[in-house]
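# Working through the structure, step by step
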Amino acid sequence: MIRAQYRLPGLAVTDHVFTVPLDHAEPGQGTIEVFAREVVDPARAHDPLPWLLYLQGGPGGKSPRPLNATAGWLGHALRTHRVLLLDQRGTGRSTPITARAAERFGSGSGLAHHLARFRADSIVADAELIRRQLCGEGERWETLGQSYGGFVTLSYLSFAPEGLRACYVTGGLPGLDAAADDVYAATYPRVRDKVNTYYARYPRDRPLVRRIADRLAQRAAQLPDGDWLTVRRLRTLGLVLGMGDGFERLHWLLDQALESDGELAATFLHQVANLTGFTDNPLFAVLQETIYGHPGTATGWAATRAMADRPEFAEDADPLLFTGEMFYPWMFEEIAGLRPFAEAVHLLAERTDWTALYDPVRLAANRVPVAAAVYHDDMYVDAGLSLRTARAVGSLRAWVTNEWEHDGVTASGDRVLARLMDLAADRA
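Residues numbered from 1 in each chain as written. Predicted model: local features only at pLDDT ≥ 70, side-chain atom pairs only at ≥ 80, totals over all residues. Heavy atoms only, no water.

### Some thoughts on the overall build of the chain
To keep things clear, this is the line we draw: Only DSSP runs of H or I with at least four residues qualify as helices, and only runs of E with at least two residues qualify as strands; both kinds are numbered from the N terminus onward. Radius of gyration: C-alpha atoms only; globule rule: 2.2 Å multiplied by the number of residues to the exponent 0.38. Residue exposure (1.4 Å probe, protein chains only): buried if accessible area is under 20% of the type maximum, exposed if over 50%, otherwise partly exposed. Whether two residues touch is decided by their heavy atoms; if any such pair falls within 4.5 Å, the residues are in contact. We get accessible surface area from the Shrake-Rupley algorithm with a probe of 1.4 Å; when it comes to residues, only the shown protein chains can shield them. Working convention for charge: Lys and Arg count positive, Asp and Glu count negative, and His plus the chain ends are omitted. Where a charge lies is defined by one atom per residue type: Lys uses NZ, Arg uses CZ, Asp uses CG and Glu uses CD.
From N to C terminus, the chain includes 18 helices and eleven strands. For the chain, whose C-alpha radius of gyration is 22 Å, the value lies close to the compact-globule estimate of 22 Å for 428 residues. Counting only C-alpha atoms and orienting by the principal axes, one finds that the chain spans roughly 65 × 45 × 45 Å. Burial analysis of the chain (428 residues in total) assigns 59% to the buried set. Excluding contacts between residues fewer than 6 apart, the proportion of contacts in the chain whose partners are at least 24 apart in sequence is 75%. Taken as a whole, the chain presents about 17,500 Å² of accessible surface, with 50% of it coming from carbon and sulfur. Charged side chains of the chain number 44 positive and 53 negative; the gap between the two group centres comes to 3 Å.

### Overview of unusual backbone geometry
Following Gly58, the chain continues into Pro59 via a peptide bond in cis, with omega recorded as 5 degrees. Of note, the bond from Asp318 into Pro319 is cis; its omega dihedral lies within 30 degrees of zero at 10 degrees. Residue placement: Pro319 occurs in the loop between α12 (302-308) and α13 (331-334). One non-glycine residue, Thr95, lies in positive phi territory at about 35 degrees. Looking at the element boundaries, Thr95 is found in the loop between β5 (82-86) and α2 (99-103).

### Things to note about the pairing of strand β3 (residues 31-40)
Short version of the rule: Pairing between two strands requires that DSSP report at least two bridges joining them.
Most of β3 sits out of view: eight of its ten residues are buried. Note: strand β2 (residues 11-21) against β3, ten bridges, orientation antiparallel. Bridging across to β3, His16 finds its partner in Ala36. Where β3 lies against β5, four bridges are found, and the strand directions are antiparallel. What sits directly across from Ala36, in β5, is Leu86.

### Details of the sheet that holds strand β4 (residues 51-55)
Cut-off, in case you're wondering: Axes here refer to lines fitted to C-alpha atoms; in helices the fit is confined to the stretch in contact. Angles between the N-to-C directions go from 0 to 180 degrees.
Taken in spatial order, the nine strands line up as β1-β2-β3-β5-β4-β6-β7-β10-β11 in an open sheet, and their pairing is mixed. What marks the edges here is a single partner per strand, and that holds for β1 (2-8) and β11 (396-401). For this sheet, the mean angle separating the axes of adjacent strands, direction not counted, is 20 degrees. Sheet analysis places β4 next to strand β6 (residues 141-146), joined by four bridges and oriented parallel. Paired with Leu55 across the two strands is Gly145, which belongs to β6. Against the sheet, helix α4 (residues 120-135) contacts β2, β3, β4, β5 and β6, and its axis sits at roughly 125 degrees relative to β2.

### Side note on the packing of aromatic side chains
This is how it is decided: A pair of Phe, Tyr and Trp rings is counted when the ring centres sit within 6.5 Å of each other, with Trp represented by its six-membered ring. The angle between the planes then sorts it: under 30 degrees is stacked, over 60 is edge-to-face, the rest tilted. Each ring is checked for a lysine NZ or an arginine CZ that lies within 6 Å of its centre and within 35 degrees of its normal; such an atom marks a charge sitting over the ring.
Within this structure, the stated rule accounts for 13 aromatic pairs. Judged by centre distance (5.7 Å) and plane angle (55 degrees), the ring pair of Tyr198 and Tyr202 falls under tilted. As far as the burial class goes, Tyr198 and Tyr202 line up, both buried. Linked through ring pairs, Tyr148, Phe151, Tyr184, Tyr188, Tyr292 and Phe313 together constitute an aromatic cluster. Between the NZ or CZ atom of Arg89 and the centre of the ring of Phe118, over which it lies, the distance is 5.3 Å.

### Comments concerning the layout of surface pockets
Remark: the empty space left among the atoms is shown by a probe the size of a water molecule rolled over them. Keep this limit in mind: With a 1 Å grid spanning the protein atoms alone, the term cavity applies to any set of points in which a 1.4 Å probe fits but cannot get out, the term pocket to an open set with protein on both sides within 12 Å along at least five of seven lines, and the term lining residue to any residue with an atom within 4 Å of a point. Grid points are joined across faces, edges and corners, and a volume is the space filled by probe spheres set on the points. When residues are grouped by polarity, Ala, Val, Leu, Ile, Met, Phe, Trp, Tyr, Cys and Pro land in nonpolar, Asp, Glu, Lys and Arg in charged, and all others, Gly among them, in polar.
Of the pockets and cavities examined, the second largest pocket occupies roughly 350 Å³. With three residues, the single largest contributor to the lining of the second largest pocket is α4. Tallied by class, residues from the lining of the second largest pocket come to five nonpolar, four polar and seven charged.

### Considering the packing of α4 against helix α5 (residues 148-159)
Which entries qualify depends on this criterion: Working definition: roughly parallel below 35 degrees, roughly antiparallel above 145 degrees, roughly perpendicular at 65 to 115 degrees, and oblique for all remaining angles. Crossing handedness is defined as follows: a turn of the near helix away from the far one that is anticlockwise and smaller than a right angle gives a left-handed crossing, while the clockwise case is right-handed.
Direction vectors running N to C along α4 and α5 enclose 70 degrees, while the axes themselves pass 9 Å from each other. Considering their axes alone, α4 and α5 lie roughly perpendicular with respect to each other. Both α4 and α5 take part in a crossing whose hand is right-handed. Taking contact as the criterion, the partners of Ala120, Asp121, Ile123, Val124, Ala127, Glu128 and Arg131 in α4 are, on α5, Tyr148, Val152, Ser155, Tyr156 and Phe159. Classifying every residue of the contact of α4 with α5 by side-chain character gives eight nonpolar, one polar and three charged.

### Structural notes on the nonpolar core
The tendency in soluble globular proteins is for nonpolar side chains to be buried side by side. Note the threshold: By nonpolar core is meant a set of buried Ala, Val, Leu, Ile, Met, Phe, Trp, Tyr and Cys residues that side-chain atoms within 4.5 Å join together.
The biggest cluster of nonpolar side chains holds 121 residues, and the ones touching the most others in it are Leu115, Trp141, Leu229, Phe268 and Phe332. When residues no more than four places from it in sequence are discounted, the contact partners of Leu115 are Ile97, Leu283, Val286, Leu287, Phe341, Ala344 and Leu348. Formed by 27 residues, the second largest nonpolar core is a distinct cluster that contains Ala69, Leu74, Leu144 and Tyr168.

### Here's the deal with the environment of Asn274
Tracing the sequence through the fold places Asn274 in helix α10 (residues 266-276). What makes Asn274 exposed here is its relative accessible area of 55%. In this structure the C-alpha to C-alpha distance between Asn274 and Arg131, which are 143 residues apart in sequence, comes to 36 Å.

It is worth stressing that arrangement in space is one thing and function is another; only the former is reported here.
In structure tokens:
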């Protein structure tokens, strides 16, 4: 374990780098590095505080970099806890899997075999190794799982509950037995409704989006990185609509989409390239459907199959519907940052020998206090599937709210985490 200590405004920081097995079931298969940043109130840096492990959303999302030590959920947590911001394997500074790293593999099959070791069960095994090295064998910690971090939390409770003191989940209770087809059957209607609500708020954007799409249908526009903006890539901008500020982010992006002569503006094309290129987090696209992989079942590009049965999502439909947290084969051909993964991602879609990510029997008998925020209108994680899981997990208390969107834990300041901590303490 390697450490580096320093100060940021309002924070005492220790950066940790851990060496972990690539495959915890077969330690002889090589190692990778996993990075985690410990942050604590400087006035309490030497106090024996409880630990809170933050599990970021994704898959493929690195842990947040602290900007304000006193605000939001982090400021609330630092009043009572020492916080560990984990870059999950393959992200951030944890032996990142980038497009360049993917190109170094000699074959798509070798890359697919490698990527299969980056699901929640491996993240949990990393966390347990880190907990034992950092905290000691007998000290348990608490976790805060945002979105996909909640999926990881349920795997943690399934395979290593002895390491957990309490768990907080925000917008991240997965369907325990839901296949990829079940997930998209539930989320496509939510995306449709979210887009229609967006158009109701900004009615002038509906004809504008159709006009832009018609222009692209005639002639694709080249993006600054050399990729081409097509109608289907334009529709992926809908990914932002499930966040608290998503409507406004998309509206103001479209506000400067066209020049006076009707051509697409350079600033618009620049922003679209950044929003849809997945340069910083390719694993978000690569591993998206694998998180729904169950033993004996291939995911098989479930999002593509589900959209084919929904004519309202046709490219020539009016209104033109954006898409959400869905990924399609064409993206790995047309987006430069994803092309090196193309062969591997097709092999992952065909894979059936997945390990189980959840243990329903153990979860039913769970005694670790769990408090979960379920966002009623969540575009990404279906509330119906989440509530079914909530009923199947012991010692779990769910708080259903429509006050926040999927990013409620950050958008609410400290309110969501404070409420969850209170709920878990009462259940304990």
